[in-house]
Amino acid sequence: MQLQLSVNGKTYSRMVEPRYLLADFLRHELGLKGTHIGCEHGVCGACTVLINGRTARSCLHFAIDVAGAELTTVEGLVDENDQLDPVQQAFRQHHALQCGFCTPGFLLTVHEFLGRNPDPTPAQIREALTNNICRCTGYANIVKAVSAAAAALRANAGTRQAEAS
Amino acid sequence: MTAVPRSGYIGRSVHRREDEYLLRGKGQFLDDLPEPRDTLHVALVLSPHAHARITRIDVSAAMALEGVVAVLTGAEMAKLVKPMDSGTTIDGYINSLRPVVATDKVRFVGEYVAVVLADHPYVAHDAAELVEVEYDSLPSVAHIEQAVVPDAPLVHDHIPGNVSFRSEFSTGDVAGAFSGDVLTLKESFRSGWVGGVPIEPRGCFALPEHVGDAITLYTSTQIPHIVRTGVADHVNMPESLLRVVVPEVGGGFGTKANVYPEEIIVVALARKFRRAVKWVQDRREELLNNIHARNHIYHVEAAFTRDGVITGLKLELLTNGGAYTSFPFGCTLEATGGARMIMGPYRIRNYAYRIACVVTNTCPAGAYRGVAQPSCFMAMEGMLDRIGRLLGIDPAEVRRRNLVQPSEMPWVNAVGVRYDTGSYAQCLERALEISGYAAIRARQSGGRLVDGKYRGIGICCFTESTGTGAPGWRARGLARVPGIDSAMIRIDPTGKVFATISQAGSGQGHLTTFAQLVADQVGARLEDVTIVEGDTALSPYGSGTVASRSAIAAGGAVIKAGRQVAAKIRRLAADRLEVSPDDILLSDGRAHVAGVPELGIDFRQLARWAYGFDAPLPEGEQHGLEASDVYDPPMVTIANAVHIAMVAVDPQDATVTIEKYVVVHDCGRVINPMIVDGQIHGGVVQGIGGALMEEFVYDDEGQMVNASLLDYLLPTSMDAPDFVIEHIETPTTDALGGFKGVGEAGVIGAIPAVVNAVADALADRAANVNQIPLRPSYIYRLLHGAS
Amino acid sequence: MKPAPFRYFAPATLAGALDLLAEHGEEARILAGGQSLVPLMNLRVLKPASLISINHCPELDYIRATPDAIVIGAAARQAAGEESAEVARHCPLLAATLPFVGGAANRNRGTICGSLAHADPLAELPACAIALEAEFVLARAGGRRTVPARQFFVAELTNCLDSGEMLEAVRFPSVRDADVRAAFVEVGNRKHGFAVAGVAVQFALDAAGRCADVRIAGIGFGPVPRRFTSSEDLLAGARPSEAVFLEAGKLASGESGGGSDIHADAAYRKAMAGVLVERALRKALSTSGRA
């Protein structure tokens with residue numbers, strides 16, 4: 001069936017079998033392999049992408065069913081000069097990734113979370129991340145990275161506000 | 001032994017170069033690798049029975065599906081490959097072979113009975129469902145206790161009593177230790193099956209070269225050279241025609257330190273069809289089929305004085321080996337590990353053990369982070385706490401009275417394991433101080449119920465077996481693990497450094513930490529050093545990344561190779577600068593005269609000279625600027641740490657919260673503290689998982705009832721504590737570089753510490769906490785009396 | 001594993017969906033959020049021959065306040081329910097329960113009706129539906145019928161939909177009283193996710209500060225959610241207090257079932273009935289009530 005959707009600002013038009021999972025479509029059809037598959041039952045969160053600006057498990061969607069949507073994957077986080085965004089930078093700074101397999105899912109989850117709660121406590125961060133599983137880091141550094149990213153994003157917003165006024 | 005002088009990059013928390021591409025989603029994991037258009041995709045047909053005879057296989061319906069290229073049964077695969085033989089060589093072991101694909105019998109749920117090849121992975125799964133297999137079910141045994149009952153059904157006809165390995169040992173005067181004016185205490189401890197459960201399931205991908213017979217096997221593994229040797233042997237091809245390349249690996253933990261049937265299958269079929277053959281595991285297969293670990297039963301008896309000093313220890317240990325001996329770590333690893341390490345840092349001279357590995361109709365056992373150390377220390381540390389409770393002596397004090405002291409080092413334990421250096425008492429005192437232990441105990445004098453919850457504190461004071469050179473593997477009977485590791489360091493004509501090591505990381509940041517080490521060895525700038533690992537065409541032979549060995553073994557090889565390269569740079573620079581090589585210092589990619597920094601030559605110039613782009617070389621000097629070397633580390637290098645866990649148990653719902661977690665750790669010289677801390681964090685949380693919530697549950701018929709992440713529970717951010725970690729550095733004197741390993745330490749310390757903390761929290765209730773996982777409903781039973 | 005093949009339809013209207021359902025009968029499934037259905041399809045536990053997606057059917061995506069109910073269409077997302085001022089105002093128990101359903105990524109796409117229709121015995125929303133005696137609107141080509149919650153949930157993972165029927169909407173009665181307290185609590189083998197048992201509680205406080213219209217429902221005590229009517233009766237007309245909450249818990253524990261499985265045994269679940277009822281009551285009391 002014919003499918004058209006937009007990923008990271010670019011429109012794609014493809015033929016897909018209805019059962020083709022969105023995660024497989026992104027990875028093998030569009031070559032966006034940063035979205036990873038860890039379980040195919042929606043538990044681990046490694047496949048998390050944004051659908052119309054909100055997190056979703058791409059392993060639990062059929063590509064054909066998100067026709068017309070606007071998706072964001074990890075590849076869409078860097079800026080036009082391929083520079084890491086503040087959340088990515090904070091992850092690097094705080095050693096919040098080891099093998100990196102779960103990381104794209106965390107990055108998108110963090111973006112959505114900080115968009116809603118720009119100044120979270122560590123307990124709130126832990127609660128927001130509880131549906132993304134990491135087997136390597138033990139989470140402590142991820143929590144620190146998210147706190148740092150929140151501060152950086154607030155500072156950026158403050159700067160933009162100052163510049164705008 | 002020569003320690004590397006403290007300088008430059010060692011000891012610095014350098015940020016990882018791996019993050020640049022991993023954060024962008026550009027890491028190439030197995031399923032991310034580009035595929036030729038005609039790649040054949042594998043799906044495997046799994047046995048639904050724990051023990052059965054295969055009476056009929058009909059592949060015609062599967063073959064008729066469009067896109068299916070071939071369906072091979074075990075009989076057809078047997079023409080292409082040999083059954084897997086771990087080659088374990090140790091007294092008391094009965095070997096068994098594992099058919100790559102079952103022929104007449106299946107012995108565990110998940111064992112392969114047919115291989116489907118199709119032009120698309122979805123089609124391969126469709127076809128796998130269409131393969132018709134008929135079975136005659138046979139009686140099975142799923143649990144250790146079932147398997148050892150007299151006349152229990154046999155997993156293998158040639159393994160009587162389902163015991164594939166048995167060993168006993170006694171040293172000192174055990175009878176004497178248990179007689180006279182001593183007290184004795186007996187206890188049993190049990191841990192359930194668990195697994196590494198990396199977030200990335202496994203996969204492997206065999207690509208024939210365009211010309212000739214060579215094959216490149218990409219596989220998500222920790223042991224590329226062992227895979228190469230093993231696979232080449234089992235498909236009967238020259239090892240020189242097989243190249244193993246490790247992509248990014250999404251977590252290993254020992255689960256990927258195994259040669260699996262699928263690796264043999266894809267290479268054999270790539271040779272047969274002369275097409276790329278690819279297999280990607282799904283999560284259900286991952287949980288069913290990746291090596292399992294730590295289903296252990298310890299029966300421990302200790303004799304001790306009224307002052308709590310242990311005079312003797314007796315151990316009976318049963319480990320569940322699953323249905324087949326895995327390759328290469330087999331089913332002797334855990335049993336021998338528990339027996340050899342249980343004494344930990346304690347002065348125990350009179351010791352006897354009887355150990356056995358029991359085969360059952362479940363997934364084969366292998367090496368998972370820590371191996372038997374988390375369970376043997378759960379037993380040992382549990383005994384020490386019990387001794388303390390019995391005698392009314394504080395558990396920390398009991399430990400003090402039994403710890404090997406620095407004045408007694410080097411220490412050889414009762415089974416001959418040498419502890420060259422260590423800081424057992426120092427770590428303990430510091431950990432107790434940081435935890436506020438004395439104040440917590442004082443508060444407990446009024447009972448464990450504090451602020452509405454039962455609160456407890458648990459200690460694990462342990463040694464960790466790291467490094468493990470060839471003699472160490474031989475002593476455990478593991479014939480397929482070489483024990484050596486290698487490095488090649490080369491300075492290219494541009495003056496940049498290329499180094500390759502016989503390792504394969506899965507998140508430990510090797511590309512960064514080994515760059516730090518190489519840069520220091522040859523005096524290069526960190527940014528000028530490139531590390532490559534995990535490619536058997538480029539990396540010299542070695543044992544891979546297992547058993548907390550990389551800093552010691554590969555680090556030692558880097559030091560040896562680095563010395564040679566550095567020596568040559570010095571000789572060339574000395575010749576040019578007309579001084580003695582001893583007067584040359586190397587730093588920042590430049591060789592200069594000691595004390596006269598402006599008098600120097602950079603590596604680029606020296607390299608050009610070495611490669612023939614300049615004047616002739618000095619008499620006797622060969623062209624090139626590289627060296628390779630091999631390191632066989634000591635039999636084992638013993639690291640140590642103390643973990644202290646503080647927990648709160650809710651009296652109503654019996655859930656456990658880890659409130660504070662303290663680690664004082666000694667892994668000798670630390671290359672990158674940030675990375676070491678990360679290893680400890682991750683290991684501790686895996687330990688919390690094992691202590692509180694993880695278990696592969698098999699029913700009595702050998703069906704795994706929780707083969708999904710909905711039912712095999714992994715700890716999340718809300719289950720994990722914050723950490724306080726301090727390092728003490730007591731370099732090893734036996735191994736080059738002074739490094740000790742750390743990769744497994746987190747799990748090893750966490751399971752005993754958490755179990756002891758829960759037991760301490762329940763101390764008022766006289767509950768015996770001696771098995772894991774400690775699910776809330778189990779703790780509830782302990783609190784309210786078993787019904 | 002990858003899902004088995006199916007025919008896919010994305011009707012733009014309810015009528016279109018119902019016609020497709022009528023045509024494809026037993027072998028068709030409605031695809032809404034997919035958070036419950038797709039895992040089972042990926043494991044090949046379920047292999048529907050046809051999927052009728054209602055994700056492109058705007059007429060089913062609504063949350064509406066009527067004079068006496070909140071009506072939620074089949075395609076309304078759980079996240080929309082969480083963010084809805086109407087739900088917060090008129091159906092505080094639903095608002096209190098939604099945050100417990102999976103994680104944000106699941107709630108962004110999962111639907112309220114989808115979770116209800118899946119009838120997982122440990123799902124949280126069915127507890128709300130049973131507590132509040134929600135009404136389920138079942139539609140087919142040519143008609144619709146309404147069934148009460150207790151009729152909708154038949155058994156574990158089984159609802160009362162006939163072949164050719166779909167859950168079109170669910171009606172949660174709006175609170176009528178001025179001061180209504182509601183809460184949901186659960187307990188599991190790790191801090192979050194996959195409850196072993198859970199309890200939903202709602203009660204009103206009359207002008208004299210006594211409990212009225214008490215609703216207590218639990219999950220994990222049987223194949224479908226159950227009401228704890230003895231506890232409800234005890235609380236009716238009583239002033240809230242630690243003692244009466246404790247007693248309500250004891251009654252719940254006394255009459256509760258709940259089997260043993262790998263996660264918890266029956267004795268634990270029985271005890272948790274009491275613990276969770278008491279906790280839920282305390283938590284509900286601590287909420288601010290309704291304006």
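Quick caveat, the model's predicted, so the values are computed rather than measured. (Residues numbered from 1 in each chain as written. Chains lettered and ligands numbered in written order. Predicted model: local features only at pLDDT ≥ 70, side-chain atom pairs only at ≥ 80, totals over all residues. Heavy atoms only, no water.)

## Considering the overall build of chain A
Filter applied, for reference: Helix and strand definitions here come from DSSP, where helices need a minimum of 4 consecutive H or I residues and strands a minimum of 2 consecutive E residues; each element is numbered from the N-terminal end. It is over C-alpha atoms that the radius of gyration is taken, and the globule rule equals 2.2 Å times the number of residues to the power 0.38. Partly exposed residues are those whose accessible area sits between 20% and 50% of the maximum for their type, while under 20% is buried and over 50% is exposed, using a 1.4 Å probe and protein chains only. Throughout, a residue-residue contact means that at least one pair of heavy atoms, one from each residue, lies within 4.5 Å. Think of it this way: Lys and Arg go in the positive column, Asp and Glu in the negative one, and His and the chain ends go nowhere. To locate a charge, the coordinates of NZ of Lys, CZ of Arg, CG of Asp or CD of Glu are taken.
Counting its regular elements, chain A contains five helices and five strands. Listed by position from the N terminus, the elements making up chain A come as β-β-α-β-β-β-α-α-α-α. Against the compact-globule benchmark of 15 Å for 165 residues, chain A has a radius of gyration of 16 Å, which places it among compact chains. Principal axes of the C-alpha set define a box for chain A whose edges measure 45 × 40 × 25 Å. By the burial criterion, 62% of the 165 residues in chain A qualify as buried. The contacts in chain A between residues at least 6 apart in sequence include a share of 56% that link residues at least 24 apart. Computing the positive centroid from 14 side-chain charges and the negative centroid from 15, chain A places the two 6 Å apart.

## Notes on the interface of chain B and chain A
What counts here: Computed with a 1.4 Å rolling probe, the buried area is the accessible surface lost when two parts are put together, summed over both parts. We define a salt bridge as a side-chain nitrogen of Lys or Arg found within 4 Å of a carboxyl oxygen belonging to Asp or Glu.
Taken together, the contacts link 58 residues of chain B with 47 residues of chain A. Both faces considered, chain B and chain A share a buried interface measuring about 4,300 Å² in area, 56% of it formed by carbon and sulfur atoms. If you sort the residues of chain B by the area they bury against chain A, Leu23, Arg24 and Tyr122 of chain B come out on top, with a joint share of 19%. The interface formed by chain B and chain A holds seven salt bridges in total.

## Observations regarding the environment of histidine 156 of chain B
All names here are of chain B. Using the following cut-off: Under the rule applied, a polar contact is a pair of N or O atoms within 3.5 Å (in protein, one hydrogen donor and one hydrogen acceptor; residues adjacent in sequence only if both atoms are side-chain atoms).
Along the polypeptide, histidine 156 turns up in the loop between helix H5 (144-147) and strand S7 (163-171). The class of histidine 156 is buried, set by a relative accessible area of 3%. Considering only alpha carbons, one finds histidine 156 and leucine 97, 59 residues apart in sequence, at a separation of 9.9 Å. Sequence-distant contacts of histidine 156, defined by excluding residues within four places in its chain, comprise Ser96, Arg107, Asn162, Ala323 and Tyr324. At a separation of 2.6 Å, a polar atom in the side chain of histidine 156 contacts the main-chain carbonyl oxygen of alanine 323.

## Looking at the interface of chain C and chain B
On the side of chain B, 29 residues touch chain C, which itself brings 27 residues to the contact. In total, chain C and chain B occlude about 2,600 Å² of area from one another, counting both sides; carbon and sulfur atoms represent 57% of this. It is Arg190, Lys191 and Ile262 of chain C that lose the most area in chain C upon contact with chain B, and together they represent 26% of the buried surface on that side. Across the chain C-chain B interface, the total number found is six salt bridges.

## Looking at the pattern of salt bridges
Inspection of the entire model under this criterion finds 79 salt bridges over all chains. The closest approach of N and O atoms between arginine 275 of chain B and aspartate 38 of chain B, which form a salt bridge, is 3.9 Å. Taken together, the residues arginine 275 of chain B in the loop between helix H8 (261-273) and strand S12 (277-280) and aspartate 38 of chain B in the loop between helix H1 (18-22) and strand S1 (40-46) connect sequence positions 237 residues apart. Between arginine 44 of chain C and aspartate 126 of chain B there is a salt bridge, with its nearest N and O atoms 2.6 Å apart. Of the two residues, arginine 44 of chain C is situated in the loop between helix H2 (37-42) and strand S3 (50-53) and aspartate 126 of chain B in helix H4 (residues 121-130); the pairing between them involves two chains. Residue classification places arginine 44 of chain C among the buried residues on the basis of a relative accessible area of 7%. Shared partners join several salt bridges into a network, and the residues in it are Glu133, Arg150, Arg176, Asp213, Arg215, Arg227 and Glu232 of chain C.

## Quick word on helix H11 (residues 242-255) of chain C
All names here are of chain C. Stated formally: An expected span of 1.5 Å times one less than the residue number is assigned to each helix.
Here H11 spans 20 Å end to end across 14 residues, near enough to the 20 Å set by a 1.5 Å rise per residue. Residues of H11 that are buried: Val244, Phe245, Ala248, Gly249, Ala252 and Ser253. Where the residues of H11 are buried, they touch strand S12 (195-205), helix H10 (229-235) and helix H12 (266-286).

## Overview of helix H17 (residues 550-577) of chain B
Residues and elements named next belong to chain B. The end-to-end C-alpha distance of H17, which contains 28 residues, comes to 37 Å, matching closely the 40 Å that a straight helix rising 1.5 Å per residue would cover. Taken across its 28 residues, H17 has 20 buried, putting it largely inside the fold. Positioned one or two residues after H17, glutamate 578 has a phi angle of 60°, which is positive.

This is a description of form; function is not addressed.
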